[in-house]
Amino acid sequence: MTASIPLPRIEALPPGLVAPADFERQALATLDPATSAYFLGGAADQHTLRANSRAWSELQLRPRVLRSLAGGHTRIQLSGRTLDWPVLLAPIAHQRLAHPDGEIATAHAALACATGMVLSTQSSVAVEDIHAILHSEGADNAPPLWFQLYWQHSRSRTLALVRRAEAAGCEALVLTVDAPVQGVRDLERRTGFRVPTEFSAHQTDGLQASPAFPHLHALPAAPADHPSIGLCQGLAAQAPDWDDVQWLLQHTQLPVWLKGITHPEDAQLARELGATGLIVSNHGGRTLDTLPASATLLPAIRSAVDPDYPILVDGGIRRGTDIFKALALGANAVLIGRPQILGLAAAGAVGVTSVLRLLRDEFEACMTLCGCASVVDIGPRHLFPPAKSFLIDNDSHL
Ligand SMILES: Cc1cc2nc3c(=O)[nH]c(=O)nc-3n(C[C@H](O)[C@H](O)[C@H](O)COP(=O)(O)O)c2cc1C
Ligand SMILES: CC(C)CC(=O)C(=O)O
C-alpha cells in the first residue's frame, strides 16, 4: 500500500449488533436525518424499496436432510475468476458521507472478508487507492475490484474514465443502465440533502464532465407551455443507448456487465451484444418507484438467457437466507448495497467487516441446513413451492 493511504480507524463495535436490523438502528442513531435519507431512502413512495427485502423474506425454503456435507465450501467461478463466496459489494457513491474513512474502510473490510468490490464512479476515494488497499496482502489474496461506470455524457469522456479504471487494475466494468437521471427522492428533498462540494467524486474530477445525474428537483423549471423541455430535450438526449454499449464493448478488453436490467428482452439484447453478464437490479428502489422487487424479476430473466449466462442480482438482500434464495432463483452471485453503509456508519471498517461476516455465517448456516455442500448444489428445488418457471432437467428428480 502506498504511504499516502491512511489506515482505517479500528473502532469498537457497539454491543448487540447481531443482525442487519440492529446495524440499521445504530446507523439511524449515528447519521443525521439528511444523510440517512440519502443512504437509506428510496424513490418517491418507496414501494420498490420495501418490496425488495419483503420479496426475499416471503420466499420459503425447502431443505434436504442427511446429505453428505464433507468438503463443503462457498467458492464460485465468475468471469474467469474464483470468488471465495458469491457476494460482492455493490457500488455505493459518496461513502465518506457515512464515515470519515469511507471507501478506505469498505475496501479493508472487502480484503478481510475476501469479498469482491464494485467501486462507484462517484466514490469519495480514488480507484487507484482502493486497488492498492485490496492488493496490500499480495495479488494472490486480493479480492476482485470492478469499476462501476456512469456514462459521462459523451464517448470521449466515458473512454477517459474507462482507461483510468483499466490503468488502475480494475478487473471488470459495470455499466449502470437504469439511472440516466436520479429518481424522485422525496425523502432527500424533505430533509434538504445535498452532496457537500468537498465530496465531489474523485474519478470524474479531472474530466470536467457535466454534473452527473442531477436530482430531478435540481433541473431548471419547465416553461408552462412546454412541460418536457428540461428533461427530455436535455439530459435524456445524452443518456447512453444500445449503440453506446456496443461501442464500449469494442473499446475495452475488460469484461462488461450491465447493471439495472429488469426486462427479459433487455437481458437477451445484452447477451446478443456480448456483455459479459448482467445485474438484475432496480437500483435498490432508488430510481423508478413501483418496479417489482428484484426477486420477482429474476426468474423470468434467468429463463430468457442461456443457463450459463452470468446473472447477478441486488436489492433488499439482508440475510444469508436471501443470498441462498437468490442463487436458488438462478443468480450466480449477489451484490450487497445498503448493509455495507449500515456497518460503515456503525463502526467504520470494523462495522463493514462485521456485516460481511454475519452475512457469510448466515449463508453458510443456510447452505448446511438445506443440505448443500457447495454453491452449485443450490437450485430451484430448495424453494417451496419449487421455482418451476426455470426448472432444468436435472432438478426434476428432486
Ligand atoms: C446511497 C446509495 C448510493 C448508490 N450509488 C450507486 C452508484 O454510484 N452506482 C450504482 O450503479 N448504483 C448505486 N447504488 C445502487 C446500489 O449499487 C445497489 O444497486 C442497491 O443499493 C442494491 O440494493 P440494497 O441497497 O437494498 O442492497 C447506490 C445505492 C445507494 C443506497
Ligand atoms: C451519485 C449517484 C448517481 C449515485 C447513485 O447511483 C445513487 O444515489 O443511487
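Quick caveat: nothing in here was measured; it's all calculated off a predicted structure.

*Asks:* Explain the packing of helix H12 (residues 320-328) against helix H13 (residues 338-369) to me, please; I cannot follow it from the model alone.
*Replies:* At a closest axis distance of 7 Å, the pairing of H12 and H13 adopts a crossing angle of 55 degrees. By the angle class used here, H12 and H13 are oblique. Read as a crossing pair, H12 and H13 show a hand that is right-handed. Between H12 and H13, the contacting residues are Gly320, Thr321, Ile323 and Phe324 on the first element and Leu359, Asp361, Glu362, Phe363, Ala365, Cys366 and Met367 on the second. Considering only residue class, the contact of H12 with H13 consists of seven nonpolar, two polar and two charged.

*Asks:* Please explain the sheet that holds strand S9 (residues 277-280) as it appears in this structure.
*Replies:* Strands pair in a sheet through their backbones, by hydrogen bonds, and they do so in one of two ways: parallel or antiparallel. Here eight strands make up a closed barrel; going around it, the order is S4-S5-S6-S7-S8-S9-S10-S11 and the pairing parallel. In this sheet, adjacent strand axes meet at a mean angle of 30 degrees when their direction is disregarded.

*Asks:* Just to check I follow, could you spell out unusual backbone geometry for this structure?
*Replies:* Most peptide bonds adopt trans geometry, and most residues besides glycine take a negative phi value. Cis rather than trans, the peptide bond between Phe384 and Pro385 has omega equal to -10 degrees. Positive phi, close to 50 degrees, is recorded for Ala44, a residue that is not glycine. Position of Ala44 relative to the elements: it lies in the loop between helix H2 (33-40) and helix H3 (47-58). The backbone of His283 shows a phi angle near 60 degrees, a positive value even though the residue is not glycine. Of note, His283 is situated in the loop between S9 and helix H11 (294-304).

*Asks:* Got a minute to help me understand the environment of Ala328 in this structure?
*Replies:* Within the secondary structure, Ala328 is located in helix H12. Judged by local crowding, Ala328 falls into the buried class, with 22 C-beta atoms found within 10 Å. Sequence separation between Ala328 and His382 is 54 residues; the distance between their C-alpha atoms is 6.6 Å.

Reading the values: the criteria
Residues numbered from 1 in each chain as written. Chains lettered and ligands numbered in written order. Predicted model: local features only at pLDDT ≥ 70, side-chain atom pairs only at ≥ 80, totals over all residues. Axes fitted to C-alpha atoms, helices over the stretch in contact; angles between N-to-C directions. Helix = DSSP H or I, 4+ residues; strand = E, 2+ residues; numbered from the N terminus. Parallel < 35°, antiparallel > 145°, perpendicular 65-115°, else oblique. Left-handed = near helix turned anticlockwise from the far one by under 90°. Contact = placed C-beta atoms within 7 Å. Nonpolar A, V, L, I, M, F, W, Y, C, P; charged D, E, K, R; others polar. Pairing = 2+ DSSP bridges. Buried ≥ 20, exposed ≤ 12 C-beta atoms within 10 Å, placed from the backbone.

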